[in-house]
Amino acid sequence: MSQQRKAVALISGGLDSMLACQTIMNQGIHVEGINFFTGFCVEGHTHAIRKQDADKVKRNNALWVAEQLGIKLHIIDIIEEYKQVLLNPKHGYGANLNPCLDCKIFMVNKAKQWMQENGFDFIITGEVVGQRPMSQRKQTMPIVAAESGADNLLVRPLSAQNLPATLPEREGWISRDKMFGFSGRSRKPQMALAKEFGFADYAQPAGGCCFLTDESYSLKLTDLWQARGKRDYDLDDIMLLKVGRHIRPRPHFKIIVAREDGEARFMSGYKKEFVSMHCTNHRGPLVLIDGEVGEDDLALAGQILARYGQGRDADQVEVTIRDRAGAERNIFVTPLAAEQIPEEWFV
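Below or above, wherever it landed, is the structure these notes cover. (Residues numbered from 1 in each chain as written. Predicted model: local features only at pLDDT ≥ 70, side-chain atom pairs only at ≥ 80, totals over all residues. Heavy atoms only, no water.)

1. Some points on the overall build of the protein chain
In step 1: Scanning the protein chain from terminus to terminus reveals 12 helices and 11 strands.
In step 2: Expressed as lengths along the three principal axes of its C-alpha atoms, the size of the protein chain is roughly 80 × 40 × 35 Å.
In step 3: Here the protein chain holds 347 residues, and the buried ones make up 52% of them.
In step 4: Sequence-distant contacts in the protein chain: of pairs separated by 6 or more residues, those separated by 24 or more amount to 65%.
In step 5: Of the accessible surface of the protein chain, which amounts to about 16400 Å², a share of 48% is contributed by carbon and sulfur atoms.
In step 6: Separation of charge centres in the protein chain, based on 43 positive and 44 negative side chains, amounts to 5 Å. (Helix = DSSP H or I, 4+ residues; strand = E, 2+ residues; numbered from the N terminus. Buried < 20%, exposed > 50% of the residue type's maximum accessible area, 1.4 Å probe, protein only. Contact = heavy atoms within 4.5 Å. Areas by Shrake-Rupley, 256 points an atom, 1.4 Å probe, with all protein chains shown as cover. Lys, Arg positive; Asp, Glu negative; His and termini not counted. Charge placed at Lys NZ, Arg CZ, Asp CG, Glu CD.)

2. Let's talk about the environment of Asn118
In step 1: Relative to the elements of secondary structure, Asn118 occurs in the loop between helix 5 (100-117) and strand 4 (122-124).
In step 2: Here Asn118 falls in the partly exposed class, since its relative accessible area comes to 35%.
In step 3: Among the polar contacts listed, one links the side chain of Asn118 to the backbone oxygen of Trp114, at a separation of 2.8 Å. (Polar contact = N/O pair within 3.5 Å; in protein donor to acceptor, adjacent residues only side chain to side chain.)

3. As for the packing of aromatic side chains
In step 1: In this structure the tally under the stated criterion is 10 aromatic pairs.
In step 2: Taken together, a centroid distance of 6.2 Å and an interplanar angle of 65 degrees make the contact between Tyr82 and Phe106 edge-to-face. Of this pair, Tyr82 sits in helix 4 (residues 79-87) while Phe106 sits in helix 5, and the two are 24 residues apart along the sequence. Of the two residues, Tyr82 and Phe106, neither departs from the other in class, the shared state being buried. (Phe/Tyr/Trp six-rings, centres within 6.5 Å; stacked < 30°, edge-to-face > 60°.)

4. With respect to helix 6 (residues 141-148)
In step 1: Regarding helix 6, the residues found buried are Met141, Val144, Ala145 and Ser148. Projection of helix 6 onto a plane perpendicular to its axis shows the buried side chains occupying an angular sector of 95 degrees, all on one side.
In step 2: Looking one or two residues beyond helix 6, the residue adopting positive phi is Gly149, at roughly 85 degrees. (Arc of directions from axis to C-beta.)

5. Re the nonpolar core
Note on soluble globular proteins: their nonpolar side chains tend to be buried together.
In step 1: The biggest cluster of nonpolar side chains holds 35 residues, and the ones touching the most others in it are Phe40, Tyr82, Met107, Ile123, Leu212 and Leu221.
In step 2: Contributions of two or more residues to this core are made by strand 1 (6-10), strand 2 (30-37), helix 4, helix 5, helix 6 and helix 9 (215-228).
In step 3: Take this core: its biggest share by element is nine residues, from helix 5.
In step 4: With residues up to four places along the chain from it excluded, the contact list for Met107 reads Leu10, Phe36, Thr38, Ile78 and Tyr82.
In step 5: Counting 33 residues, the second largest nonpolar core, distinct from the first, contains Val65, Ile71, Ile124 and Val155. (Core = buried A, V, L, I, M, F, W, Y, C linked by side-chain atoms within 4.5 Å.)

6. Digging into the packing of helix 4 against helix 5
Axes are the key here: two packed helices are described by the angle between their axes and the distance separating the axes.
In step 1: Relative orientation of the contacting elements helix 4 and helix 5 amounts to 145 degrees, with a least axis distance of 9 Å. Like other packed secondary-structure pairs, helix 4 and helix 5 cross with a definite hand, here right-handed. Seen from helix 4, the contacting residues are Glu81, Tyr82 and Val85; seen from helix 5, they are Asp102, Cys103, Phe106, Met107 and Lys110.
In step 2: Looking at the contact of helix 4 with helix 5 residue by residue, the class counts come to five nonpolar, no polar and three charged. (Axes fitted to C-alpha atoms, helices over the stretch in contact; angles between N-to-C directions. Left-handed = near helix turned anticlockwise from the far one by under 90°. Nonpolar A, V, L, I, M, F, W, Y, C, P; charged D, E, K, R; others polar.)

7. Brief notes about the pairing of strand 8 (residues 275-279)
Along a regular strand, successive side chains alternate from one face of the sheet to the other.
In step 1: Among the five residues in strand 8, four count as buried, and that is most of the element.
In step 2: Pairing of strand 8 with strand 9 (residues 287-291), which is carried by three bridges, proceeds in the antiparallel orientation. Bridged to Met277 within strand 9 is Val287.
In step 3: Relative to strand 10 (residues 317-322), strand 8 is paired through four bridges, and the arrangement is antiparallel. Pairing of Met277 across the sheet is with Ile321, part of strand 10. (Pairing = 2+ DSSP bridges.)

8. Observations regarding the sheet that holds strand 7 (residues 253-257)
Hydrogen bonds between backbone groups are what pair the strands of a sheet, and the pairing can be parallel or antiparallel.
In step 1: The strand order 6-7-9-8-10-11 describes an open sheet built from six strands, whose pairing is antiparallel. Two strands lie at the open edges of the sheet, namely strand 6 (245-250) and strand 11 (328-333), each paired on one side alone. Averaged over all neighbouring strand pairs, the angle between strand axes comes to 25 degrees, with direction disregarded.
In step 2: Sheet strands in contact with helix 9 are strand 6, strand 7 and strand 9, and its direction is about 35 degrees off that of strand 6.

In structure tokens:
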């Protein structure tokens, strides 16, 4: 009896990786998934936090895809290791702070290490030639294979017929004829294949789950680095950049203003890390203050806070200031008018 071959698949939670896995599973290969946690993924907790997203499905799409396929998924935390990819990308950034090519090389390399450590034979990705402007061009796909060290053990089932034959194909472990020759940005071939495979529900066909591709998020991250005087971050930074209005009225501090109750509840978990504020005698948002502040700064932060509460038209608003140790005191402020909060304060 011939040995059953095993493949590890990079599972993002999108349609392409789902189809790539099923294509290889249909050839009798044992497949397990791997999902790398960088902290920058859009899905999941952001929908759970915000009330306006209450109707959106709250699920980890990578786990959901693995469940639909009936395969085991290994989730690996790479937050610390990923810093060097983001901060010093050899191949540069995309339109924003997205180091897509370096990111793909890094993740395929990590998958190769896992493959070797766990006795698997090759790697699967859902890449499609010409679909992404950085990492999935005809010229860059060989770079991913070479610089990751995966070389001809990296199989892209959705575009395999457009690419040189890999070792699993040459050895007869999988058939090239049972894979595909998709190319370009159109999603219609993938959607047709999903229907053929019986997948009626899947994440946004266009994929793209990384906050680093978002201009607004990238600007907030750049602002954070500039204010701190160093390019670094931790998981809490990543999370807080995803919520609230970020307003920097002075170079040495910014405030994060909750936009609704869901964000306020989430931000409450950070009260021991930041000075915080809320309106005492009117309904209003929670505010976190990032930076070292004096009395004038606190007064200004209180005036901005009052602008976003129900006391915005009052002569004075009482504001409670809570320090990191939990001690509270109150001040009275005059709410700023909308025109007194210039556009350049918004990060």
